[in-house]
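One letter stands for each residue in the lines below.
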Amino acid sequence: MERKLTKSRLLDRDVLESRVREVEEENRQIRLQLSQSQGLAAQPQEGNYGNQQWVASADTGPEDVENTAEERANHSDCARSPTAEKCELIHVACVCAGHNASRDVVTLVKSILFHRRNPLHFHFITDTVANQILSNLFQSWMVPSVQVSFYDADELKSEVSWIPNKHYSGIYGLMKLTLTKALPSDLSKVIVLDTDITFATDIAELWAIFKKFTGKQVIGLVENQSDWYLGNLWKNHKPWPALGRGFNTGVILLYLERLRRIGWEQMWRLTAERELMNMLSTSLADQDIFNAFIKQNPVLVHQLPCFWNVQLSDHTRSEQCYTEVSDLKVIHWNSPKKLRVKNKHVEFFRNLYLTFLEYDGNLLRRELFGCPSQASSESTRLQVALEELDEDDQCYEFRRERITVHRVHLYFLQYEYTPTDDDTDVTLVAQLSMDRLQMLEAICKHWEGPISLALYMSDAEAQQFLRYAQASEVLKNRKNVGYHIVYKEGQFYPVNLVRNVALRNVNTPYVFLTDVDFLPMYGLYEYLRKSIVQLDMANTKKALVVPAFETLRYRLSFPKSKAELLSMLDMGTLYTFRYHVWTKGHAPTDYAKWRTATTPYKVEWEADFEPYVVVRRDCPEYDQRFVGFGWNKVSHIMELDAQEYDLVVLPNAFMIHMPHAPSFDISKFRSSPSYRYCLTTLKDEFHQDLSRKYGSAALKYLTAQRNI
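Rules behind the numbers
- Residues numbered from 1 in each chain as written.
- Predicted model: local features only at pLDDT ≥ 70, side-chain atom pairs only at ≥ 80, totals over all residues.
- Heavy atoms only, no water.
- UniProt positions renumbered as here; feature names shortened; annotations may be inferred.
- Disulfide = S-S within 2.5 Å.
- Helix = DSSP H or I, 4+ residues; strand = E, 2+ residues; numbered from the N terminus.
- Buried < 20%, exposed > 50% of the residue type's maximum accessible area, 1.4 Å probe, protein only.
- Phe/Tyr/Trp six-rings, centres within 6.5 Å; stacked < 30°, edge-to-face > 60°.
- Lys NZ or Arg CZ within 6 Å of the ring centre and 35° of its normal.
- Pairing = 2+ DSSP bridges.

An unreviewed UniProt entry annotates the protein chain as LARGE xylosyl- and glucuronyltransferase 2 originating from Denticeps clupeoides. Looking at the protein chain in UniProt, the text filed under Pathway (unreviewed entry) is "Protein modification; protein glycosylation."

So, in structure tokens, the structure goes:
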């Protein structure tokens with residue numbers, strides 16, 4: 001009986017295996033028939049859009065045979081699209097050089113982070129400027145599951161400097177050709193993007209297209225949507241060779257592993273050398289060379305549907321890439337006109353771009369669901385510090401602010417300044433928020449030297465500032481002003497943190513520490529440089545005090561000399577600063593002595609003294625526990641005194657405070673007992689820290705405070 005059952009099972013298995021083989025053969029025949037049908041459908045037809053007849057593409061499935069070639073190129077079927085693995089690391093590369101590109105790439109990064117569900121590794125090929133800006137930005141942004149690597153563009157210049165290029169991108173516009181050499185040798189695939197790209201979908205969808213590459217395909221590109229490579233834009237227009245309309249290199253899938261295997265570096269060089277014999281230079285930088293290479297090697301390209309690079313330059317066929325704007329995946333602002341480009345849906349595109357431009361980057365610090373990331377040492381340290389805080393402490397919010405990491409975008413606008421050779425150069429250092437923006441033009445008219453400004457703003461306010469600065473005849477012509485954005489977060493104004501950002505990013509040996517609502521006297525920059533030499537600042541510890549005055553008038557005929565200022569002081573047009581509100585803040589300056597002084601004179605520190613001073617750049621930083629109103633400058637002067645700086649008043653220098661509405665923080669100080677209590681608590685803790693740091697020499701500060 002048992003033997004019969006075994007025999008029966010064997011017969012059943014044979015029948016099952018035979019049936020499986022029959023089904024597999026039927027499937028093979030069906031696939032063969034469908035592929036033949038698809039081949040017929042893909043043959044050149046009248047009205048076919050683009051390179052369908054030229055390029056092998058794996059972006060279509062059997063059910064596409066009833067669609068036109070154009071429809072297959074422009075629509076995706078979510079059910080058939082390959083997907084990136086959950087938590088798979090996606091690599092993205094950009095070439096970024098200069099202040100403007102560093103600002104543009106942030107909007108691209110925001111659009112990617114907004115939609116993404118995978119860990120990301122950004123690879124930036126940068127010049128020195130972009131490296132400084134972006135490394136600082138990402139370090140302070142602290143986005144989970146994001147890695148960032150930088151590669152020195154200067155080391156790659158020799159690879160492409162021999163190629164004449166007429167494109168406005170200059171030598172950096174050729175560097176995408178060098179990525180197989182520039183990027184790590186064990187990196188197999190990368191998405192390469194221009195900085196003027198905006199994503200409208202998850203970048204993982206684009207990454208997944210690598211799975212559709214056939215065995216020979218090494219580059220994924222979208223067809224060029226202008227007539228450039230057709231050579232009919234004007235008489236005698238002679239573009240580089242390309243397949244049909246050619247391809248746009250704003251979005252590239254590079255299969256690095258395969259490119260290295262086929263000898264990409266040698267191949268593109270040979271292509272460029274051959275074509276330059278006739279063309280003499282490139283017009284569209286790397287794009288010309290990529291296209292000439294593809295013309296010779298069409299089997300190596302994988303054509304992407306054109307919604308992966310909707311090119312918004314004038315006279316393009318971009319509108320044929322989508323039937324609904326919701327179909328869009330990637331928008332490419334590849335016209336010099338950028339947001340002013342002609343397109344019937346440009347308002348939609350512009351609004352999408354502006355959404356990310358002004359989007360609060362702090363909201364992108366979210367963890368990826370289901371993809372645990374390795375916490376950085378800095379984030380671990382902050383988490384430990386946060387856990388040590390007592391949430392029941394009345395001053396919890398003040399203490400929490402001290403360990404908050406704010407995003408910082410250095411050199412938001414172009415900055416070009418080389419300090420003078422005589423080692424006397426001095427930078428005006430200040431901080432401001434949106435409500436003091438109107439002071440900038442006046443300060444620039446009064447101070448011709450370098451300026452370092454830290455601006456505490458939201459993402460949207462930073463864009464308003466950018467428009468203001470670019471429209472101002474005064475500001476746009478000044479390249480020696482460094483604007484550093486500290487992005488808003490939390491309920492307090494972190495005034496000393498913002499000051500420190502401005503102080504750290506100075507490249508002169510001396511700094512003039514001031515506030516943005518003061519106008520320095522005309523000629524103060526040159527006067528300070530002379531005083532630095534006369535008082536031997538290079539070899540002594542001195543803080544030069546610039547006496548502060550104020551006016552209550554919004555319109556002031558600014559004094560051109562000390563004599564004129566004294567006359568206005570006697571007439572009541574001007575006052576010594578805060579004489580009627582906070583006398584102690586500037587009383588030690590000794591204004592009575594200053595009236596007749598002709599040489600610098602030393603003054604002693606007194607409690608609550610907060611003058612505006614000129615010191616060496618390596619002076620102590622401001623204590624960041626003090627936020628909002630109260631003791632932010634007092635504590636700094638106290639530490640200068642603890643470090644034995646001599647306070648020396650300049651006899652022929654002055655600055656005048658201009659009137660403005662009270663700040664939000666001073667209103668909170670005046671109205672909130674809790675605010676005042678916490679400020680007193682922070683003062684006591686500062687005194688204790690000062691005593692630990694400077695020993696018995698710091699006891700005088702505690703005694704002075706108790707005697708008030």
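### Quick look at the state of the cysteines
Applying the stated criterion to the full structure yields two disulfides. The disulfide partner of C395 is C678, and the S-S distance across this bridge is 2.2 Å. Across the S-S bond linking C395 and C678, the dihedral sits near -100°, which makes this disulfide left-handed. Of this pair, C395 sits in the loop between α12 (377–388) and α13 (396–402) while C678 sits in helix α23 (residues 673–694); the two residues are 283 residues apart in sequence, bridging distant segments of the chain. This pair shows no difference in class: C395 is buried, exactly as C678 is. C94 takes part in no disulfide bond, and the closest cysteine sulfur to it belongs to C96, at a distance of 7.2 Å. For C94, a relative accessible area of 2% translates into the label buried.

### Topic: the packing of aromatic side chains
Across all of its chains, the model carries 34 aromatic pairs by this definition. Aromatic side chains W447 and F512 sit 5.8 Å apart centroid to centroid with 35° between the ring planes, which places their arrangement in the tilted category. Placement of W447 in the loop between α14 (440–446) and β13 (451–457) and of F512 in strand β15 (residues 510–513) is noted, with a sequence separation of 65 residues between them. The class of F512 is buried, set by a relative accessible area of 1%. What links up through ring pairs into an aromatic cluster is the set F122, F124, F138, W141 and F150. Between R103 and the ring centre of F412, over which it is positioned, the NZ or CZ distance is 5.7 Å.

### Some thoughts on the pairing of strand β17 (residues 542–546)
For β17, the buried fraction is high: five of the five residues fall into the buried class. Of the two faces of β17, the one carrying K542, L544 and V546 and the one carrying A543 and V545 are both buried. In terms of strand pairing, β17 meets strand β22 (residues 646–649) through four bridges, oriented parallel. Bridge pairing in β22 places V545 opposite V649. The sheet contact formed by β17 and strand β21 (residues 612–616) spans three bridges and is antiparallel. Looking across to β21, one finds that L544 is bridged to V614.

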